[in-house]
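# Architecture at a glance
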Amino acid sequence: MVTSALALAQPDYDRKAELRAFDETKAGVKGLVDAGITEVPRIFHLPSPENLNTQQPELTLPTIGLQGIDEDPIRRKDVIEKMKDALESWGFFQLVNHGIPINILEDMKKGVMDFHEQDSEVKKQWYTRDSTSRVLYYSNFDLYTSSVTNWRDTFYCTMAPNPPQPHELPPPCREILLEYSRHVMKLGICLFGLISEAIGLDPNHLVDIGCADGHGRSF
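A brief structural summary. Just so it is clear, the structure is predicted and the values come from calculations on it, not from any experiment.

## Topic: the sheet that holds strand 3 (residues 135-138)
Pairing is antiparallel across the open sheet formed by three strands, whose spatial order is 3-4-5. The outermost strands of the open sheet, each flanked by one partner alone, are strand 3 and strand 5 (215-218). The sheet shows a mean angle of 15° between the axes of neighbouring strands, direction not considered.

## Thoughts on the packing of helix 4 (residues 73-89) against helix 7 (residues 174-198)
A pair of packed helices is characterised by two quantities: the angle between their axes and the separation of those axes. The interhelical angle for the contact between helix 4 and helix 7, taken along N-to-C directions, is 75°, at an axis separation of 9 Å. In terms of orientation, helix 4 and helix 7 fall into the roughly perpendicular class. Packed against helix 4, whose contacting residues are R76, V79, I80, M83, K84 and L87, the element helix 7 presents L191, L194, I195, E197 and A198 at the interface.

## Section: the side chain of S196
The residue S196 is located in helix 7 in this model. Side-chain polar atoms of S196 contact the backbone oxygen of F192, separated by 2.8 Å.

## Considerations on the pairing of strand 3
Judged by which residues are buried, strand 3 turns out to be covered on both faces: V135 and Y137 on one side and L136 and Y138 on the other are all buried. One ladder, built from four bridges, connects strand 3 with strand 4 (residues 154-160); its direction is antiparallel. Note on strand 4: the bridge partner recorded for L136 is Y156.

Thresholds applied
- Residues numbered from 1 in each chain as written.
- Predicted model: local features only at pLDDT ≥ 70, side-chain atom pairs only at ≥ 80, totals over all residues.
- Heavy atoms only, no water.
- Pairing = 2+ DSSP bridges.
- Helix = DSSP H or I, 4+ residues; strand = E, 2+ residues; numbered from the N terminus.
- Axes fitted to C-alpha atoms, helices over the stretch in contact; angles between N-to-C directions.
- Parallel < 35°, antiparallel > 145°, perpendicular 65-115°, else oblique.
- Contact = heavy atoms within 4.5 Å.
- Polar contact = N/O pair within 3.5 Å; in protein donor to acceptor, adjacent residues only side chain to side chain.
- Buried < 20%, exposed > 50% of the residue type's maximum accessible area, 1.4 Å probe, protein only.

This is how it looks when you write it as structure tokens:
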């Protein structure tokens, strides 16, 4: 929702108090929807259009496919060159054909949706802003510091090096999260090997210095 700067400057608008009240519900934006609100709360209002940069250039992100890199040395070399170019020009790239089975991806999406669709009273047990927790559920990690509140809730798990015990994970996505994380860790180690080669290092360099030790997922 777009609003004017004047509306945000209303004398009766205590943004900090409204943020705190929203946070203390531990229900997130899904809780607002479930409560049947008819107006978007002011904490989610965007600045007026004149303050928004609406002219964005059309960009084509570098996309890299990993199929065949373990069987075809020429293919592997080509992927490494594309990765090197993407890292130098963009600093990131999109992966396709990465080896994580479609059914795992679909089951992971379903598990996350099922988590968010749970009753708010059930989800509250995971709601926290304690970044040391291995399982977190919250709305906006920067809720109290950002000038604009995003319409989103987040479920986050630290899966390495000290993963939660299975019973600590929410039942709707417990099994698939463990399986999905195994695939992501395997892919991550592969990527660090390719990136190491792309920047002229030994293939095991980034893994050896601990880059693959940590693993967290946000949904």
